[in-house]
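Chains, contacts and geometry: an overview
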Amino acid sequence: MSYMDRALALARRAAGSASPNPAVGAVAVRGGEVVGEGWTQPAGSAHAEVMALADAGAKAAGAVLYTTLEPCNHTGRTPPCTQAIIDAGVAEVHSATMDPNPLVNGGGMARLAEAGITTQVGEGEDAARRLMEAYFKHITTGLPFVTAKFAMSLDGKIATRAGDSKWITGEEARRYVHELRAASDAVMAGINTVLADDPQLTARDGDGKPLSRQPLRVIVDSKGRICPDARVLSEPGTTLVVTAGVDGDTERRLSQAGAQVQSLPARDGSVDLPELLRALGAREITSVLVEGGGTLLGSLFDGRMVDKVVAFIAPTIVGGAEAPTPVGGVGIERMAEARRLSCVEVRQFGPDTAVIGYCEA
């Protein structure tokens, strides 16, 4: 494992906990020996580079620092990492990729070079950009990175004609879904899914216990139909019910049931989804995992708002013309208009197969 590979591995430890900051890892090396390691702490706490320098102590002087993102050179919630690197006497900095944040965007590496520190950029860039894909989108557009996740049978069904959907996939696939939730800022579902399945939408460990840090649960419920005793309203963490201009009594009922309520403009009688994504971005939600149902996913795909797809395929046949499929909406008229995935990865989870890829523009 190279030193940059080690930095990337450390960065993965910060996934889900560092947001809205990027998940960054850093390794300090002197004389061929790793003398310090670190990864981004929760927002307002130390960045990866500062953690690695603190771990190295006096051994940071003359060291080579490997970091997965260009060190910041501005004061935000914390002081600039570039100054900490200069003060520690680091001799050389290798960054996997530049930071697209307008407050940085090359300025960090330039500041280090001005101080006489040798700089290099590019090693491990593809892996680093994938790891920070949500940060990169949010910092440049103000919008969250949207991942559509669904599980279906081999014949493309997400439930039987009677609505039974538990369980399409096995334990290994479901365990991975909890990892996806834990790494996301928000988990989103439509009201029909909540009414039909009464999901918890929490991130849980291997023993089924909720993790201490939970993503925001976002329920798209245009008419405020969610039941006060729905499990998403009583689970650890926060549930945001997004409506399209319901009356005051409905808002009070939802609030009393434990929900945060946000009313947004309606588009064709339903919540305006582009406006919802802008509102989530304004809350510093950088990543959203959308878990259904077909109506919500269909609208997101119709509006070309999905960035990534994680589709689980179980080796089962459900059948039935009335059995629902994962993506509804208007759809397309010509096959040439179909959304295609790039950089496709196929992974196996027990008997289930996951197809993971990025929606082409």
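Preceding this section is the structure that the text describes.
Figured I'd write up the structure that's included with this text. (Residues numbered from 1 in each chain as written. Predicted model: local features only at pLDDT ≥ 70, side-chain atom pairs only at ≥ 80, totals over all residues. Heavy atoms only, no water.)

Moving on, we come to the overall build of the chain. Tallying secondary structure elements over the chain gives eleven helices and 16 strands in all. Computed over the C-alpha atoms, the radius of gyration of the chain is 22 Å, within 12% of the 21 Å expected from 2.2 N^0.38 for a compact globule of 361 residues. By its C-alpha atoms, the chain is 65 × 45 × 45 Å across when sized along the principal axes. Each of the 361 residues in the chain was classed as buried or not, and the buried ones make up 47%. Of the contacts made within the chain by residues no fewer than 6 positions apart, 67% connect residues no fewer than 24 positions apart. Of the accessible surface of the chain, which amounts to about 16,500 Å², a share of 49% is contributed by carbon and sulfur atoms. (Helix = DSSP H or I, 4+ residues; strand = E, 2+ residues; numbered from the N terminus. Rg over C-alpha atoms; globule rule 2.2 N^0.38 Å. Buried < 20%, exposed > 50% of the residue type's maximum accessible area, 1.4 Å probe, protein only. Contact = heavy atoms within 4.5 Å. Areas by Shrake-Rupley, 256 points an atom, 1.4 Å probe, with all protein chains shown as cover.)

Let's shift gears to the pattern of salt bridges. Pairing between side chains of opposite charge can happen when their charged atoms approach one another. By the definition in use, this model includes twelve salt bridges. Ionic pairing is found between Arg181 and Glu291, a salt bridge with its closest N-O pair at 2.7 Å. Of this pair, Arg181 sits in helix α7 (residues 171–182) while Glu291 sits in the loop between β13 (287–290) and α11 (294–302), placing them 110 residues apart in sequence. Judged by its relative accessible area of 9%, Arg181 falls in the buried class. Take Glu291: its relative accessible area is 14%, and that puts it in the buried class. Here the salt bridges share partners, and the residues they tie into one network are Lys149, Arg181 and Glu291. (Salt bridge = Lys/Arg side-chain N within 4 Å of Asp/Glu carboxyl O.)

Backbone torsion omega between Ser19 and Pro20 reads 10 degrees, so that peptide bond is classified as cis. Of note, Pro20 is situated in the loop between α1 (3–12) and β1 (25–30). Along the chain, Gly292 connects to Gly293 via a cis peptide bond; the corresponding omega equals 5 degrees. Topologically, Gly293 is positioned in the loop between β13 and α11. The phi angle at Asp268 is positive, at roughly 55 degrees, despite the residue not being glycine. Summarising the element assignment, Asp268 is placed in the loop between β11 (266–267) and β12 (270–271). For Asp268, a relative accessible area of 80% puts it in the exposed group. Phi at Glu284 takes a positive value of approximately 65 degrees, unusual for a residue other than glycine. Tracing the sequence through the fold places Glu284 in the loop between α10 (273–282) and β13. Residue classification places Glu284 among the partly exposed residues on the basis of a relative accessible area of 36%.

Take the pairing of strand β4 (residues 92–95) next. Looking along a regular strand, one sees side chains alternate from face to face of the sheet. By the bridge criterion, four bridges tie strand β3 (residues 64–67) to β4 in an arrangement that is parallel. From the neighbouring strand, Tyr66 faces β4, where its bridge partner is His94. Note that the unit made of β3, helix α3 (residues 81–88) and β4 has a crossover that is right-handed. Taken together, the four bridges between β4 and strand β5 (residues 118–121) define a ladder with parallel strand orientation. From the neighbouring strand, Ser95 faces β5, where its bridge partner is Val121. Handedness of the crossover joining β4 and β5 through helix α4 (residues 107–114) is recorded here as right-handed. (Pairing = 2+ DSSP bridges. Right-handed = clockwise from strand over helix to strand, strands pointing away.)

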